[in-house]
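One letter stands for each residue in the lines below.
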Amino acid sequence: MTESPSPLARLAAADRLIEGTRVLKPRVHVALCVGVAVAVWFLPDSAVRPVTVIETLILPVTGVVAARILGRDAWLYSEIGSEIADRPSVTAYTRGLVLGYAAGGALALAGALLVPESWLRYLVGAAALWALWSGWRKEQEVREARRLRERSGQEPWYAEYRTLIEERRRQLS
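Keep in mind that what you see is a predicted model, and the values were worked out from it rather than measured. (Residues numbered from 1 in each chain as written. Predicted model: local features only at pLDDT ≥ 70, side-chain atom pairs only at ≥ 80, totals over all residues. Heavy atoms only, no water.)

### Examining the pattern of salt bridges
Then, in step 1: Taken as a whole and judged by the stated rule, the model has 12 salt bridges.
Then, in step 2: We note a salt bridge from Glu19 to Arg149, for which the minimum N-O separation is 3.9 Å. Of this pair, Glu19 sits in helix H1 (residues 7–23) while Arg149 sits in helix H5 (residues 117–152); the two residues are 130 residues apart in sequence, bridging distant segments of the chain.
Then, in step 3: Classification of Glu19 by relative accessible area gives buried; the value is 17%.
Then, in step 4: Taking the shortest distance from any N to any O, the salt bridge between Arg27 and Glu139 comes out at 3.2 Å. Within this pair, whereas Arg27 is found in helix H2 (residues 26–39), its partner Glu139 is found in helix H5, the two being separated by 112 residues in sequence.
Then, in step 5: Under the relative-accessibility criterion, Arg27 is labelled exposed at 58%.
Then, in step 6: Through salt bridges with shared partners, a single network forms among Asp15, Glu19, Arg22, Arg149, Arg162, Glu166 and Arg169. (Salt bridge = Lys/Arg side-chain N within 4 Å of Asp/Glu carboxyl O. Helix = DSSP H or I, 4+ residues; strand = E, 2+ residues; numbered from the N terminus. Buried < 20%, exposed > 50% of the residue type's maximum accessible area, 1.4 Å probe, protein only.)

Shown next as structure tokens:
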């Protein structure tokens, strides 16, 4: 049986989610996916693959560019409420994010380049449906995270949490 996370750990995860969605905006990604899914049906056949490749690379490239900020946030809010003393560095978090986004982008690019052209329009539409579902789910998670942050403001341990976060911010400076 696993332990439920401490209130500090839950609040840290909520803050990390909120900060992450400020950098990588899910609504922008959803709008892009849906826009491309609609556009590929109006484009000539010769333009479908290049548009699909460009659309496939936007999120991974954005993730790699934003990895430094996301890695900093991951470090800032990591291991709060646990007894782990030896945390990975900001650089380790950032490298992990860069590798993850690069690997995901490489797989998506390979798929966009290797899939037969006759399938691309349908697969882009399926990806847009997945993006809609994923974006809706992310919005729900962010709403819940904001509610948790709001409720936590009245808790007796909240001042300790804010002090810890501010101390970590100073360490990053």
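We are not done yet, so read on.
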